Amino acid sequence: MSSTKDPCISICKFSADICVGCGRSKREIRAWKKLDKTDKRAVLAEAHLRLIALGATGRRKSK
């Protein structure tokens, strides 16, 4: 994941403080604009794993 574009897909439904659309926590969503590229990439990687654990894929395209 080399992109640091905001992963929000405008679903914004939460399960145990994790958005089922993007996989980020509420805290990560609020902090997104202040994070540097390295931190954003780490959040994106963790969010991806969370979505898998939730069984949610949002509307993301497969690579």
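Note that this is a predicted model, so its numbers are computed, not measured.

A. Here's a closer look at the packing of aromatic side chains. Inspection of every chain in the model, using the stated rule, returns zero aromatic pairs. For the cation-ring pair, Lys-26 lies above Phe-14, with the distance from its terminal atom to the ring centre recorded as 4.9 Å.

B. Geometry of the pattern of salt bridges. Under the defined criterion, the tally for this structure stands at three salt bridges. Across the pair Asp-6 and Arg-24 runs a salt bridge, and its minimum N-O distance is 3.2 Å. Of this pair, Asp-6 sits in the segment before strand E1 (14–15) while Arg-24 is found in the loop between strand E2 (18–19) and helix H1 (26–31), placing the two residues 18 residues apart along the sequence. The exposure class of Asp-6 is partly exposed, given its relative accessible area of 38%. The class of Arg-24 is buried, set by a relative accessible area of 2%. Three or more residues are tied together by salt bridges with common partners; here these are Glu-28, Glu-46 and Arg-50.

C. Inspection of unusual backbone geometry at higher detail. For Ser-10, which is not a glycine, the phi torsion comes out positive at approximately 60 degrees. By the element assignment, Ser-10 lies in the segment before E1. Positive phi values are uncommon outside glycine, yet Asp-17 reaches one of about 70 degrees. Turning to its location among the elements, Asp-17 is positioned in the loop between E1 and E2.

D. Here's a closer look at the environment of Asp-39. You can see Asp-39 is positioned in helix H2 (residues 37–54). The partly exposed category is assigned to Asp-39, whose relative accessible area is 37%. Residues Asp-39 and Thr-4, 35 residues apart in the sequence, show an inter-C-alpha distance of 9.3 Å.

E. How the structure looks around the confidence of the model for the protein. In this model, the protein carries an average pLDDT of 86, and 83% of its residues clear a pLDDT of 70 or more. The secondary structure element of the protein with the lowest average pLDDT is E1, at 90, and the one with the highest is H1, at 97.

F. Looking closely at H2. Spanning 18 residues, H2 covers 25 Å between terminal C-alpha atoms, matching the ideal 26 Å at 1.5 Å per step. Here H2 has its buried residues at Lys-40, Val-43, Leu-44, Ala-47 and Leu-51. The buried residues of H2 occupy one face: seen down the axis, they fall within an arc of 105 degrees. Seen from the open side of H2, the exposed residues pointing more than 90 degrees away from its buried face are Thr-38, Leu-49, Ile-52 and Ala-53. Of the residues flanking the start of H2, the one acting as N-cap is Asp-36, its side-chain oxygen 3.2 Å from the backbone nitrogen of Thr-38.

The rules behind the values
- Residues numbered from 1 in each chain as written.
- Predicted model: local features only at pLDDT ≥ 70, side-chain atom pairs only at ≥ 80, totals over all residues.
- Heavy atoms only, no water.
- Phe/Tyr/Trp six-rings, centres within 6.5 Å; stacked < 30°, edge-to-face > 60°.
- Lys NZ or Arg CZ within 6 Å of the ring centre and 35° of its normal.
- Salt bridge = Lys/Arg side-chain N within 4 Å of Asp/Glu carboxyl O.
- Helix = DSSP H or I, 4+ residues; strand = E, 2+ residues; numbered from the N terminus.
- Buried < 20%, exposed > 50% of the residue type's maximum accessible area, 1.4 Å probe, protein only.
- pLDDT = per-residue confidence, 0-100.
- Expected span 1.5 Å × (residues − 1).
- Arc of directions from axis to C-beta.
- Polar contact = N/O pair within 3.5 Å; in protein donor to acceptor, adjacent residues only side chain to side chain.

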